[in-house]
Amino acid sequence: MTGPVPGAAPRPVAAGPAALHTVEPGPYGIPVSLRHVLDGALVAVKGGLRHIGALGTIRREAARAVADALPAAGAAQVSGALENAHRHADTAQIAAVRTDLETRLRPFSRTVLHDVARALEPQGTRLYLSGHLGIRIMPPQRSVGAGGAEPAGLEGFLTPRDAHVDSWFNTAVNSVNLWMAVGPVRSGNGLLFYPDAYRRPLRHDGHTLLPGQPVGTPVDIELDPGDILLFAGDHLHASQPNTTAETRFVITKRLCVGVPRYPSAATGWVPYEDPRLWGTRWERWATWRSRLTAGGVRDALRTGRRT
């Protein structure tokens, strides 16, 4: 990887008050307006995973995945301190932990997303929930590939992803990302954001930003274990090459504010579910609203042509 942004980029700065809004859950839930997030605000919910009672379960499942992938001595060193994973596991073992944990957490992550959505203040519109789950374990870059070849297909998970906007791929333009810190996120191993470029027309190859475009000074954000960072999927963002001495451990989910709206030029498509239908005899129709959009029809036509 050449860095988070093609071409010369300004040195990242820590997110200041204008870039990051911090809130704490209260007795009536999480006081966040997702419309504010879609307007470009970056919002950190302090202790959000603890508030919904999910952090302990996630860390316990992570410890079980570590125990299955590593010898007993190494697993004991990592289970209680996930940021030390690279000290006791090679890249292939960390990749195995990620794969196992994705299977272990998939059903629970649905509950996590539902609980966060219910804890938010009333949004004045229906929220649709994505089945997406990202297990993003990012060891220090100097350790990636040590003891073997770097695993393929893990960009954005074990290796950094260059600057991009999620709706270039398959995500609704009115989506919000939940970037949930399982371990500490430090300056130098988290995400970079480019607030000055928010929803500006940018040239890209369908995957990453093309070089030679002014996007402003990137900012990075620190999180404590259990914090949830909320940001619009249309933010230009990139994962930093991890230059710290810690493995960064995050899980990600997405929700949609109102009926999903997909860009016509997206290279793919993913549905969002209506959670009101979960647990009912109509559950298999939970994605119907996504499928009846122009993006859903385009995907059905693409799929039909491939078959």
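Up top is the structure.
Attention here is on the structure that accompanies the text.

Parameters and conventions
Every chain begins its residue count from 1, and numbering advances along the sequence as written. Since the coordinates come from a predicted model, pLDDT governs what is reported: local features require at least 70, and pairs of side-chain atoms require 80 or more to be given and counted, while whole-chain, interface and lining totals use all residues. In computing side-chain properties, one takes all heavy atoms of the structure into account and sets aside hydrogens as well as water. A run of DSSP states H or I qualifies as a helix once it reaches four residues; a run of E qualifies as a strand once it reaches two. Both are numbered from the N-terminal end. Here a polar contact is recorded for every N or O atom pair within 3.5 Å, except that within protein the pair must consist of a potential hydrogen donor and a potential acceptor, and residues adjacent in sequence are included only if both atoms are side-chain atoms. In what follows, a contact means two residues having at least one pair of non-hydrogen atoms within 4.5 Å. A simple rule labels every residue: compare its accessible area, found with a 1.4 Å probe on the protein chains alone, to the largest value its type can have, and call it buried under 20%, exposed over 50%, or partly exposed in between. By construction, the arc corresponds to the directions joining the helix axis to the C-beta atoms. Pairing of aromatic rings covers Phe, Tyr and Trp, the last counted by its six-membered ring, and requires centre-to-centre distances within 6.5 Å; plane angles under 30 degrees mean stacked, over 60 mean edge-to-face, and any other angle means tilted. Only lysine NZ and arginine CZ atoms are considered, and such an atom sits over a ring when it is within 6 Å of the ring centre and within 35 degrees of the ring normal. Here the nonpolar core consists of buried residues drawn from Ala, Val, Leu, Ile, Met, Phe, Trp, Tyr and Cys, with membership extended through side-chain atoms lying within 4.5 Å. Helix axes use the C-alpha atoms of the stretch in contact, all axes being lines fitted to C-alpha atoms, and the angles between their N-to-C directions lie in the range 0 to 180 degrees. When describing relative orientation, an angle under 35 degrees is termed roughly parallel and one over 145 degrees roughly antiparallel, while 65 to 115 degrees is termed roughly perpendicular and anything else oblique. For a crossing to be left-handed, the near helix must be turned anticlockwise from the far one by less than a right angle; the clockwise case is right-handed. Each reported salt bridge corresponds to a side-chain nitrogen of Lys or Arg within 4 Å of a carboxyl oxygen of Asp or Glu. Strand pairing follows a simple DSSP-based rule, namely that at least 2 bridges must link the two strands.

**A look at the side chain of Asn174**
Right, so step 1: Along the chain, Asn174 turns up in the loop between strand 5 (134-138) and strand 6 (175-181).
Right, so step 2: For Asn174, the side chain forms a polar contact with the main-chain oxygen of Val257, separated by 2.9 Å.
Right, so step 3: If sequence neighbours within four positions are ignored, Asn174 has contacts with Leu38, Leu255, Cys256, Val257, Gly258, Val259, Pro260 and Arg261.

**Considerations on helix 4 (residues 72-79)**
Right, so step 1: Where helix 4 is concerned, the buried positions are Gly74, Ala75 and Val78. One side of helix 4 holds all its buried residues, which, seen down the axis, span an arc of 100°. Residues of helix 4 that are exposed and angled more than 90 degrees away from the buried face: Ala72, Ala73 and Ala76.
Right, so step 2: On the buried face of helix 4, the contacting elements are helix 3 (55-69) and helix 5 (85-88).

**Structural notes on the packing of aromatic side chains**
Describing an aromatic ring pair means giving the distance of the ring centres and the angle of the ring planes.
Right, so step 1: Under the definition given, this model contains three aromatic pairs.
Right, so step 2: Aromatic pair Tyr262 and Trp269: ring centres 5.9 Å apart, planes at 50°, arrangement tilted. For the residue pair Tyr262 and Trp269, the accessibility class agrees, reading buried in each case.
Right, so step 3: Each residue in the set Tyr262, Trp269 and Tyr272 is aromatic and connected to the rest through ring pairs, giving one cluster.
Right, so step 4: Lying over the aromatic face of Trp278, Arg110 brings its terminal NZ or CZ to 3.9 Å of the ring centre.
Right, so step 5: Its end group placed over the ring of Phe157, Arg136 keeps NZ or CZ at 4.6 Å from the ring centre.

**Regarding the environment of Phe193**
Right, so step 1: In this fold, Phe193 is placed in strand 7 (residues 191-193).
Right, so step 2: Classification of Phe193 by relative accessible area gives buried; the value is 0%.
Right, so step 3: Through-space distance from the C-alpha of Phe193 to that of Gln240 is 10 Å; in sequence the pair is 47 residues apart.
Right, so step 4: Once residues lying within four places of it in the same chain are set aside, the contact partners of Phe193 are Leu42, Thr217, Pro218, Val219, Ile221, Leu229, Phe231, His235, Leu236 and His237.

**Quick word on unusual backbone geometry**
Right, so step 1: Despite not being glycine, Arg199 has its phi angle at roughly 55°, a positive value.
Right, so step 2: Note on placement: Arg199 falls in the loop between strand 7 and strand 8 (219-220).
Right, so step 3: What makes Arg199 partly exposed here is its relative accessible area of 44%.

**Examining the environment of Pro139**
Right, so step 1: Take Pro139: it is sitting in the loop between strand 5 and strand 6.
Right, so step 2: By relative accessible area, which is 1% here, Pro139 ends up buried.
Right, so step 3: Sequence separation of Pro139 and Leu158 is 19 residues, and the distance between their C-alpha atoms is 6.6 Å.
Right, so step 4: For Pro139, the contacting residues outside a window of four places in its chain are His86, Ile94, Val144, Leu158, Asn242 and Thr247.

**Some details on the nonpolar core**
Right, so step 1: Val32, Leu34, Leu49 and Leu230 are the most contacted members of the largest nonpolar core, which has 57 residues in total.
Right, so step 2: For this core, the element with the most residues is helix 6 (residues 91-119), which contributes 10 residues.
Right, so step 3: Counting 15 residues, the second largest nonpolar core, distinct from the first, contains Leu20, Phe193, Val219 and Phe231.

**Topic: the packing of helix 3 against helix 4**
Right, so step 1: Where helix 3 contacts helix 4, the axes come no closer than 8 Å and their chain directions differ by 160°. Classified by the angle between their axes, helix 3 and helix 4 sit roughly antiparallel to one another. By crossing handedness, the relation of helix 3 to helix 4 is classed as right-handed. Contacts between helix 3 and helix 4 involve Ala63, Val66 and Ala67 from the former and Ala75, Val78 and Ser79 from the latter.

**What to know about the pattern of salt bridges**
Right, so step 1: Within this structure, the stated rule accounts for 16 salt bridges.
Right, so step 2: Among the salt bridges present, the one from Asp100 reaches Arg104, with a minimum N-O distance of 3.1 Å. Of the two residues, Asp100 and Arg104 both sit in helix 6, four residues apart, roughly one turn of that helix.
Right, so step 3: Residue Asp100 is classed as partly exposed on the basis of its relative accessible area of 22%.

**A few points about the pairing of strand 5**
Consecutive side chains of a regular strand alternate in pointing toward one face of the sheet and then the other.
Right, so step 1: With five of its five residues buried, strand 5 lies for the most part within the structure.
Right, so step 2: The side-chain alternation of strand 5 yields two buried faces, one formed by Gly134, Arg136 and Met138 and the other by Ile135 and Ile137.
Right, so step 3: Direction of pairing for strand 5 relative to strand 11 (residues 248-257): antiparallel, over a ladder of five bridges. Bridged to Met138 within strand 11 is Arg248.

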